Amino acid sequence: MNPHAIRDKVAIVGMGCSKFGENWDKDPQDMIVEAAYEAYEDAGLEDPHQQIEAVFCGAQYPSKGTAEVADALKMYDRPVSMVVNYCATGTDAFRYGVFSVACGMYDTVLVVGFDKPKDRGVSGPSVAVTGVRGLPATPAGWFSHCAARYFETYGAGREDLARIAVKNHHNGTLAPKSMLKREITVDDVLKARIISWPFGLYDCAAQSDGAAAAIITRRELAKRFRDDHVLVRALAIALAPDPKEDPDFDFLRWKPTVYAARQAYEQAGIRDPRKDIDLAQVHDCFTLTELLAYEDLGFCEKGAAKDHIKSGTFELSGELPVNTDGGLKTFGHPTGATGVRMIYENYKQLQGKAEKRQVKGKPTVALSHNIGGAPQACGICIVALP
Amino acid sequence: MVERLEGRRGVGWHLARRAELPSYDLYLRFRQLLATEHDRRAGAGISATKHFRDRDDDVTLAGLRCRRCGCLQYPRQRVCFRCFARDDFERVRLSDKIGTLKSFTFDNFAGSPSPPLIATVVDVEGARLYLQMTDASPKEVQLDLPVELVFRKMHDAGGTPNYYWKCTPVR
């Protein structure tokens, strides 16, 4: 890998995000238009049909494929590509967009992440039988497998997880487009019914509908659009074996995050993540996923997450705020959109436009992280002010 | 020939390890005499070609030991997890071995006639198997518990019975 191949060469000049939630009255076309046109307006595009040269989209449950986006926005007579990579889909679609601009082929590119899981009428991936083995296909089941060994090794427990849920619920009340706006207590979390041990109802993020979009261009052209553009400093994707098949798995970390973090930090020149990064959006599909991410992203030592959770390091007012808009937990999780929504939050925070949830101290470097599948795939994006 | 088979588990062996069902309701659900939200007969069923292709994995529970580095792995791989050697394995039957529990969860969301479904990752001489645990209660489950492997009917998707392995505590 050439670590500086794209570093600071591409700028985000506009972003949009639809309301996330159970959008019964909106179809994919509605949400894609809402997000894309907010991005067009944010970038000051006078004629998007002239100016956008290529489109990269991401959806994990697409109903139509690339035509879903092309038809909604009438983006024809130009490339439209779809990227699929579990929960890293949005980040990966963004990554392809960035490559297409950095290589000099396109000046102005649109990235759209979207998903509409609620139309299937179930609150998550289907539990219907799909194979001989009849094993649970529930993400809550898959993502819980590190819990027993991690709790035993480091003396952590459900209470540490609960504090993460409480934090994200609080932050979500400050984000106008989030799905859930409700404060909860540690007691609420511990008393909730168990979904897949140790995850109770409040340890799990609900899937939701939504779309998010970005307009990107070469750094040299960014000032045509806006002065307060945000640069893309690093983009990483990494796969690891299925933790349930991997003979070399210790159940104390998620390998995809460890691998992707190494790539991203090499690209960005980051040696001390907790000091060098000002805020982060981290994949809290489940509370334990966020806890492990603190360690696997190098925000603290392996095993030390519970101490930092107690001392408030990752709260909105803390040293390294995590999930400033409420995360997957309260913002919602349309698989294809989430990566782009995280970049949207980091973009707004760096511009000082995060309103009631604005991180203090003029942040300049922000990280977003997604992990999905078994989990096997991780995507990381680092953005920074010029 | 059957008389010469070693370690046969007959009716006696199974009866000695039985779990008493706490309710008639549960019996009806297991016998599929009571409609449930998750119908185990639902679904299009698994393709016959896939059934046939996966028989070594699913019926024999055959692992593969890499001849180059010795890593035992499951299910069937072409390329070794550890040393990346291609197509250099020897077949090892896993079903008569004792395993230890590496991880577990109690899944109330997965379709099961008797939740929670105990999902485990079992280590068998280094190979990792993702298996349901049967004939056990969550109270007995702990890390590093020794387990043995039993062949069970999993479901009737597509109207065809499907069999696979589960783990159960060594008694």
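None of these values were measured; they are calculated from a predicted model.

Draft legend 1. Up close: the nonpolar core. Residues and elements named next belong to chain A. Residues Phe299 and Ile382 are the most contacted members of the largest nonpolar core, which totals 59 residues. If we ignore the near neighbours within four places in the chain, the residues touching Phe299 are Tyr265, Pro273, Arg274, Ile277, Ala280, Val282, Tyr294, Phe314, Leu320, Val322 and Leu367. Formed by 37 residues, the second largest nonpolar core is a distinct cluster that contains Cys17, Val101, Val111 and Val340.

Draft legend 2. Molecular detail of the packing of helix H1 (residues 28–43) of chain A against helix H3 (residues 66–73) of chain A. Residues and elements named next belong to chain A. It is at 9 Å that the axes of H1 and H3 come closest, and there the two elements cross at 60 degrees. Crossing geometry of H1 relative to H3 is assigned as right-handed. Between H1 and H3, the residues in contact are Pro28, Gln29, Ile32, Val33, Ala36, Tyr37 and Tyr40 and Glu68, Val69, Ala72 and Leu73, respectively.

Draft legend 3. Quick peek at the sheet that holds strand S9 (residues 279–281) of chain A. Residues and elements named next belong to chain A. With mixed pairing, the 9 strands of this open sheet are ordered in space as S3-S2-S4-S7-S1-S8-S11-S10-S9. The sheet terminates laterally at strand S3 (80–83) and S9, the two strands that pair on one side only. When strand polarity is set aside, the average angle formed by the axes of neighbouring strands in this sheet is 25 degrees. Bridge analysis of strand S1 (residues 10–17) against strand S7 (residues 210–218) gives 7 bridges, and the strand direction is antiparallel. Note that in S7 the partner of Gly16 across the bridge is Ala213. Sheet strands in contact with helix H9 (residues 255–268) are strand S8 (230–239), strand S10 (365–372) and strand S11 (377–384), and its direction is about 145 degrees off that of S8.

Draft legend 4. Fine view of the sheet that holds strand S2 (residues 72–73) of chain B. Residues and elements named next belong to chain B. In space, the 3 strands of this open sheet follow the order S2-S1-S3, with antiparallel pairing throughout. Edge positions in the open sheet fall to S2 and strand S3 (89–93), since each of these has one partner strand only. As paired strands, strand S1 (residues 62–66) and S2 are joined by 2 bridges and run antiparallel to one another. Counterpart to Arg65 in the pairing with S2 is Leu72.

Draft legend 5. Spotlight on the packing of aromatic side chains. All names here are of chain A. Scanning the entire structure with this criterion turns up 18 aromatic pairs over all chains. Ring geometry for Tyr96 versus Phe99: centroids 6.2 Å apart, planes at 70 degrees, classification edge-to-face. Of the two residues, Tyr96 and Phe99 are both situated in helix H4 (residues 89–102); the distance of 3 residues between them amounts to about one turn of the helix. Both rings, one in Phe199 and one in Phe286, keep their centres 5.0 Å apart while their planes meet at 5 degrees; by these two values the pair is stacked. In this pair, Phe199 is assigned in strand S6 (residues 199–200) and Phe286 in the loop between S9 and helix H11 (287–296), connecting sequence segments 87 residues apart. Its relative accessible area of 0% is what places Phe199 among the buried residues. Judged by relative accessible area, which is 6%, Phe286 ranks as buried.

Draft legend 6. View of the confidence of the model for chain B. Residue and element names in this part refer to chain B. The share of residues in chain B with pLDDT of 70 or more is 95%, and the mean pLDDT across the chain is 90. Per-element confidence in chain B ranges from a low mean pLDDT of 86 for helix H1 (residues 11–16) to a high of 98 for S2. For this predicted complex, the interface confidence reaches an ipTM of 0.92, while the overall pTM sits at 0.95.

Draft legend 7. Highlighting the pairing of S1(A). All names here are of chain A. The buried count for S1 comes to 8 of 8 residues, which makes it a mostly enclosed element. By the bridge criterion, 3 bridges tie S1 to S8 in an arrangement that is antiparallel. Residue pairing in the sheet places Val10 in a bridge with Val232 of S8.

Draft legend 8. View of empty space enclosed by the protein. All names here are of chain A. Evaluation of the coordinates by the stated rule reveals 2 cavities of 30 Å³ or more. The space that makes up the largest cavity amounts to roughly 60 Å³. What lines the largest cavity is Arg163, Ile164, Lys167, Tyr294, His308, Ile309, Gly312, Thr313, Phe314 and Glu315. Those elements giving two or more residues to the lining of the largest cavity turn out to be helix H7 (158–172) and helix H12 (305–311). Ranked by the residues each element gives to the lining of the largest cavity, the list is headed by H7, at 3 residues. When grouped by side-chain class, the residues that make up the lining of the largest cavity number 4 nonpolar, 3 polar and 3 charged. The calculated volume of the second largest cavity comes to roughly 30 Å³. Around the second largest cavity, the lining residues are Ala240, Pro241, Pro243, Asp246, Phe249, Lys255, Pro256 and Pro375. Considering only residue class, the lining of the second largest cavity consists of 6 nonpolar, no polar and 2 charged.

Draft legend 9. Structural detail: helix H6 (residues 147–154) of chain A. All of the buried residues along H6(A) are A:Ala147, A:Ala148, A:Arg149, A:Tyr150 and A:Phe151. Close packing links the buried residues of H6(A) with H7, H11 and H12 of chain A together with strand S4 (99–107) of chain B. Looking at the residues trailing H6(A), positive phi occurs at A:Gly155, about 70 degrees.

Draft legend 10. Local environment of the pattern of salt bridges. Considering all chains together, one arrives at 47 salt bridges over all chains under this definition. Put simply, A:Arg233 and A:Asp8 hold a salt bridge, and the shortest N to O gap is 2.8 Å. Here the residue A:Arg233 occupies a position in strand S8, and A:Asp8 occupies one in the segment before S1, the gap between them amounting to 225 residues. Both residues of the pair, A:Arg233 and A:Asp8, count as buried. For B:Asp87, the salt bridge is made with B:Arg78, and the minimal N-O distance between the two is 2.5 Å. On the basis of relative accessibility, which here comes to 46%, the residue B:Arg78 falls in the partly exposed class. Salt bridges sharing common partners tie together A:Asp42, A:Arg226, A:Asp228 and A:Lys353.

Draft legend 11. Main features of the packing of H7(A) against H11(A). All names here are of chain A. At a minimum axis separation of 9 Å, H7 and H11 run at an interaxial angle of 100 degrees. As the angle between them shows, H7 and H11 are arranged roughly perpendicular. For the pair formed by H7 and H11, the contact residues are Asp160, Leu161, Ile164, Ala165, Lys167 and Asn168 on the first element and Thr287, Leu288, Glu290, Leu291 and Tyr294 on the second. The class makeup of the residues in the contact of H7 with H11 is 6 nonpolar, 2 polar and 3 charged.

Quick notes on the rules
Residues numbered from 1 in each chain as written. Chains lettered and ligands numbered in written order. Predicted model: local features only at pLDDT ≥ 70, side-chain atom pairs only at ≥ 80, totals over all residues. Heavy atoms only, no water. Core = buried A, V, L, I, M, F, W, Y, C linked by side-chain atoms within 4.5 Å. Buried < 20%, exposed > 50% of the residue type's maximum accessible area, 1.4 Å probe, protein only. Contact = heavy atoms within 4.5 Å. Axes fitted to C-alpha atoms, helices over the stretch in contact; angles between N-to-C directions. Helix = DSSP H or I, 4+ residues; strand = E, 2+ residues; numbered from the N terminus. Left-handed = near helix turned anticlockwise from the far one by under 90°. Pairing = 2+ DSSP bridges. Phe/Tyr/Trp six-rings, centres within 6.5 Å; stacked < 30°, edge-to-face > 60°. pLDDT = per-residue confidence, 0-100. 1 Å grid on protein atoms, 1.4 Å probe; cavity = no way out; pocket = protein on both sides within 12 Å on 5 of 7 lines; lining within 4 Å. Points joined across faces, edges and corners; volume = space filled by probe spheres on them. Nonpolar A, V, L, I, M, F, W, Y, C, P; charged D, E, K, R; others polar. Salt bridge = Lys/Arg side-chain N within 4 Å of Asp/Glu carboxyl O. Parallel < 35°, antiparallel > 145°, perpendicular 65-115°, else oblique.

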